[in-house]
Amino acid sequence: MTRKLYLETFGCQMNVLDSELVMSQLRAQGYEAVADRAAADVVIFNTCSVREHAEQKVWSRLGELREAKADRPDMVIGVIGCMAEREGESIFTRFPHIDILCGPGELDQLPRMVHNACTTSVAPSEGGAGSATVGSPRQVALMGSTTRRSSTYETAKEDNLESLDLARTVSPSDNMRQAYVRITRGCNKFCTYCVVPFTRGPEVHRPPGNIVEEVKMLVGAGALEVTLLGQTINHYIFDHGGGRKTTFADLLYLIHESVPDLPRLRFVTSFPRDFTDLALQAMRDCPRICRYLHVPAQSGSDRILKAMNRGYTAEQYTDFVDRARAMMPDISLASDFIVGFPTETDDDFASTMELVRHCRFKNSFIFKYSPRPGTVAIDRFEDDVPDAVKRSRNNQLLALQGEVCASNNRLMIGKTVEVMVEGESKLVSKRAYPPAKVTLGWEARQGLPAGEAVSLTQLIGRTRGDQVVCFDGERSLKGELLNVEIVDARNLTLFGRRVPMHVAKV
Ligand code: 5AD
Ligand code: SF4
């Protein structure tokens, strides 16, 4: 019997990839993905714990399912990902109707757990929490409960999760143009505010050969852009034994050389302290590596950076940015900031504003500090910055980043850039932008029959530097790489028009 599966993903790109891998395994076992939760036999939430807000969304989803589960006790409900690991079995006290609890480090066990849950007809209230054994009414697999990982620098050979990545399958019919590939799992940094080292466990580096094979497979299935993933990606180093090591820079050269058909290679997220000149040189030397870095600063105040355990000063951060720009003047940089970290004063915040002015980021993701259970910061510091102050600092930083963005964008006018078309612009779908029936000029007419009117809509695409560009084109262009000339920069958005291929790329 084919069971219908609804999988909803919250949080970061790592979760998006985890969901894809899990879905591909479950599909192979005969589960059918559905978009309508009400029609599903199995409902799984892949969750995020980084901020309280992300968890609240999942709590409310689980609340909504309480009645559905009472009506249909055979429906299977699973919570996977960081929230499963962080909450642990205490989640059953609040929501006894959950059948599956699986941390991000145990996802290779999920297909078996789903199968067990579907083939066991015990009502959830009858079963106690326990380990994931066949026939158990509740299926639980948590890193905390199984301690599968003991050593900090464990290699992927002993890492059972590797099997999940290795089992990935895609086919040309998936029409996949953009894809993620994990190169490291977990994190060893222990920034004091962050749950990730507790939920995803210690850093594990995947063997370079497996990574290259995965990239080749994705490109063979049509991918034009591959984004390598890791929490602190530039910390990648694989120890082959016998003194031979593959560093992050080596890996970039290796992928670039081994997969010449891949037009765009990117990677996120970088940690400022670990960036070697060799890795920057690899970016400079390999034309198909996008000159884009997401390298979170978090704060511009040395005192706050120390309290966060970030391991660098504001000066070391700006030196890194200057070093990267000296090597690649066209590099596009993005950052994350936390405002209202405990004890943050107006002066500390002024230093953050100063850092943003200096670094001229393409964009910044700005978050209000959210105390997370289990972290050092929640034990060590009182959450003493009032919410109104956090909000005001958030808005001030956003406004400054907006100014930086607008001035960066104005410099783009007149340039021709390569964009990957991601689809219709959100603005269009929201306002039902009327697709215009127009007779196209030469620039938009490439590949179309001569003289015919065609429907255009506003599309969005991303440059190699991750800037968003809006331009008119047909919906069918989704997933294509095109050249677009920037003709306008209004507020934070770039506007362009299509130009013929084979022109210089920015
Ligand atoms: N509160 C607010 N923001 C946080 N982040 C991580 N933990 C917290 C927290 N407790 C932010 C950081 C990180 C991004 C993914 O989320 O800026 O880079
Ligand atoms: Fe969290 Fe810091 Fe690791 Fe990033 S580097 S995942 S912020 S602990």
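In this text the structure is predicted, and so the values were computed from the model without any measurement.

Check the secondary structure of the protein chain and you find 17 helices and 22 strands. Counting all 506 residues of the protein chain, 55% fall into the buried class. The contacts in the protein chain between residues at least 6 apart in sequence include a share of 73% that link residues at least 24 apart. Carbon and sulfur atoms form 52% of the exposed surface of the protein chain, whose accessible area is close to 21,700 Å².

Below, the discussion takes up the site of ligand 2. By nearness alone, every residue bordering ligand 2 is listed as Cys-187, Lys-189, Phe-190, Cys-191, Tyr-193, Cys-194, Val-196, Pro-197, Thr-232, Phe-271 and Arg-310. Residues that form the shell around ligand 2 fall into these classes: eight nonpolar, one polar and two charged.

Glancing now at the site of ligand 1. Looking at ligand 1, the residues that line it are Val-50, Arg-51, Tyr-193, Gln-298, Asp-336, Ile-338, Phe-367, Lys-368, Tyr-369, Ser-370 and Arg-372. Within the side chain of Arg-51, one N or O atom sits 2.8 Å away from an oxygen atom of ligand 1. Within the backbone of Tyr-193, a nitrogen or oxygen atom sits 3.0 Å from a nitrogen atom of ligand 1. Summarising the interface, the protein chains cover 86% of the accessible area of ligand 1, which totals 410 Å² for the free molecule. Counting residues per element, the ones that place at least two in the shell around ligand 1 are strand S15 (332-339) and strand S16 (363-368). Classifying every residue of the shell around ligand 1 by side-chain character gives five nonpolar, two polar and four charged.

Below, the discussion takes up the sheet that holds strand S7 (residues 178-182). Strand order in the open sheet made by the three strands is S7-S10-S13, with parallel pairing throughout. The outermost strands of the open sheet, each flanked by one partner alone, are S7 and strand S13 (264-268). Taking the axes of each pair of neighbouring strands and ignoring which way they run, one obtains an average angle of 25 degrees across the sheet. With five bridges joining them, strand S10 (residues 225-229) and S13 adopt parallel strand pairing. Across the sheet, the residue bridging to Thr-227 is Arg-266, located in S13. Sitting on the sheet, helix H10 (residues 248-258) touches S10 and S13, and the angle it makes with S13 is about 155 degrees.

Before going further, it helps to examine the nonpolar core. Residues Val-215, Leu-228, Ile-255, Phe-267, Leu-280, Leu-293 and Tyr-317 are the most contacted members of the largest nonpolar core, which totals 60 residues. Counting residues per element, this core draws most heavily on helix H13 (residues 314-327), at six residues. Of the residues that make up this core, three or more belong to each of domain 2 (170-290) and domain 3 (291-411). Dropping the residues within four chain positions of it, Phe-267 is found in contact with Thr-227, Leu-228, Ile-233, Phe-248, Leu-252, Phe-275, Met-283, Ile-289 and Leu-293. Leu-5, Leu-17, Val-42 and Ala-141 belong to the second-largest nonpolar core, a separate cluster that totals 28 residues.

Before going further, it helps to spend a moment on the packing of aromatic side chains. If you walk through the whole model with that rule in mind, you get 12 aromatic pairs. Centroid distance Phe-271 to Tyr-312: 6.0 Å. Interplanar angle 70 degrees. Geometry classified as edge-to-face. On the criterion of sequence distance, the pair formed by Phe-271 in the loop between S13 and helix H11 (277-285) and Tyr-312 in the loop between helix H12 (302-307) and H13 is long-range, its members being 41 residues apart. Across the pair, Tyr-312 and Phe-271 agree in class, each one buried. In this structure an aromatic cluster arises from ring pairing among Phe-271, Tyr-312, Tyr-317, Phe-337 and Phe-361. The ring of Phe-271 carries the charged tip of Lys-189 above its face, separated from the ring centre by 4.6 Å.

What follows concerns the packing of helix H9 (residues 208-220) against H10. At a minimum axis separation of 10 Å, H9 and H10 run at an interaxial angle of 35 degrees. Regarding H9 and H10, the two cross each other, and that crossing is right-handed. Contacts between H9 and H10 involve Pro-208, Ile-211, Val-212, Val-215 and Lys-216 on the former and, on the latter, Leu-251, Leu-254, Ile-255 and Ser-258. Classifying every residue of the contact of H9 with H10 gives seven nonpolar, one polar and one charged.

Turning our eyes to something else, we now look at a negative patch on the surface. Where like charges cluster on the molecular surface, the negative patch consists of Asp-302, Glu-315, Asp-319 and Asp-322. When residues of the negative patch are assigned to their parent elements, the largest contribution, three residues, is made by H13. Note that Glu-315 resides in helix H13. Look at Glu-315 and you get exposed, because its relative accessible area is 56%.

As a further point, take H9. Taking 1.5 Å of rise per residue, the 13 residues of H9 would be expected to cover 18 Å, and the 18 Å separating its terminal C-alpha atoms lies within 8% of that figure. Taken together, the buried positions of H9 are occupied by Pro-208, Ile-211, Val-212, Glu-214, Val-215, Leu-218 and Val-219. Down the axis of H9, the buried side of the element spans an arc of 160 degrees, and every buried residue falls inside it. Of the residues flanking the end of H9, it is Gly-222, one or two places downstream, whose phi is positive at about 115 degrees.

Attention shifts here to the sheet that holds strand S4 (residues 76-81). Read from one edge of the open sheet, six strands run S2-S1-S3-S4-S5-S6, paired in parallel fashion. The outermost strands of the open sheet, each flanked by one partner alone, are strand S2 (32-33) and strand S6 (139-141). The sheet contact formed by strand S1 (residues 4-9) and S2 spans two bridges and is parallel. For Lys-4, the partnering residue across the bridge sits in S2 and is Glu-32.

A separate point is the side chain of Thr-463. Looking at the secondary structure, you find Thr-463 in the loop between strand S19 (454-462) and strand S20 (468-473). We classify Thr-463 as buried; its relative accessible area is 1%. For Thr-463, the contacting residues outside a window of four places in its chain are Arg-264, Arg-266, Val-417, Glu-418, Val-419 and Val-469.

Cut-offs used in this document
- Residues numbered from 1 in each chain as written.
- Chains lettered and ligands numbered in written order.
- Predicted model: local features only at pLDDT ≥ 70, side-chain atom pairs only at ≥ 80, totals over all residues.
- Heavy atoms only, no water.
- Helix = DSSP H or I, 4+ residues; strand = E, 2+ residues; numbered from the N terminus.
- Buried < 20%, exposed > 50% of the residue type's maximum accessible area, 1.4 Å probe, protein only.
- Contact = heavy atoms within 4.5 Å.
- Areas by Shrake-Rupley, 256 points an atom, 1.4 Å probe, with all protein chains shown as cover.
- Near = heavy atom within 4 Å.
- Nonpolar A, V, L, I, M, F, W, Y, C, P; charged D, E, K, R; others polar.
- Polar contact = N/O pair within 3.5 Å; in protein donor to acceptor, adjacent residues only side chain to side chain.
- Pairing = 2+ DSSP bridges.
- Axes fitted to C-alpha atoms, helices over the stretch in contact; angles between N-to-C directions.
- Core = buried A, V, L, I, M, F, W, Y, C linked by side-chain atoms within 4.5 Å.
- Domains from an automatic or database assignment.
- Phe/Tyr/Trp six-rings, centres within 6.5 Å; stacked < 30°, edge-to-face > 60°.
- Lys NZ or Arg CZ within 6 Å of the ring centre and 35° of its normal.
- Left-handed = near helix turned anticlockwise from the far one by under 90°.
- Patch = residues over 30% accessible without salt bridge, like charges linked within 9 Å, V, L, I, M, F, W, Y side chains within 5 Å.
- Salt bridge = Lys/Arg side-chain N within 4 Å of Asp/Glu carboxyl O.
- Lys, Arg positive; Asp, Glu negative; His and termini not counted.
- Charge placed at Lys NZ, Arg CZ, Asp CG, Glu CD.
- Expected span 1.5 Å × (residues − 1).
- Arc of directions from axis to C-beta.

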